[in-house]
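Residues per chain are reported as follows:
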Amino acid sequence: ITQRAAEAEALGTMPIDLVARVRAAGIFRALQPRLFGGFEVSPVEFIEMIEELAHADGSAGWIAAIGSGAPAFTAWLEPAIATQLFGSDADFTAATVFAPTGRGVPDGVR
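As the structure is a prediction and not an experimental result, all values here were calculated from the model.

A. Structural context of the packing of helix α3 (residues 43-56) against helix α4 (residues 58-67). One can describe the packing of α3 onto α4 by two numbers: an axis separation of 6 Å at closest approach and a directional angle of 145°. Between α3, through Phe46, Ile50, Leu53 and Ala54, and α4, the contact on the second element is made entirely by Gly58, Ala60, Gly61, Ala64 and Ala65. Across the contact of α3 with α4, the residue classes tally to seven nonpolar, two polar and no charged.

See the structure below:
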């Protein structure tokens, strides 16, 4: 990714073969429930993965983080509805952003 950062900048997007490699590595499915073929990693693990990609190229980290949102969204749906919408092996990517709705408190997050 680092070696291709200039190419990505010139294209204005991540080269499609790199997107395919990020997908094959399971990054887009990291937050997705196992029920739909995801890896259901912890938030800390996910942040560490994104941090590693962003260290190689900030835009690659951004793309991986944004592209992971929609598959994670399947966790908020009833399983039958998620299956109806996305299938039982929901391998897809979509640009999404979820606004944080929690609130920091002295003993954690609510």
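Additional details are given in the paragraphs that follow.
B. Structural context of the nonpolar core. With 13 residues, the main nonpolar core has Met14, Val22, Ile27, Phe46, Ile50 and Ala64 as its most contacted residues. When contributions to this core are tallied by element, the ones reaching two or more residues are α2 (16-24), α3 and α4. Excluding residues within four positions of it along the chain, Phe46 makes contact with Ile27, Ala30, Leu31, Val41, Ala64, Ala65 and Ser68.

Rules used in this analysis
- Residues numbered from 1 in each chain as written.
- Predicted model: local features only at pLDDT ≥ 70, side-chain atom pairs only at ≥ 80, totals over all residues.
- Heavy atoms only, no water.
- Axes fitted to C-alpha atoms, helices over the stretch in contact; angles between N-to-C directions.
- Helix = DSSP H or I, 4+ residues; strand = E, 2+ residues; numbered from the N terminus.
- Contact = heavy atoms within 4.5 Å.
- Nonpolar A, V, L, I, M, F, W, Y, C, P; charged D, E, K, R; others polar.
- Core = buried A, V, L, I, M, F, W, Y, C linked by side-chain atoms within 4.5 Å.
- Buried < 20%, exposed > 50% of the residue type's maximum accessible area, 1.4 Å probe, protein only.

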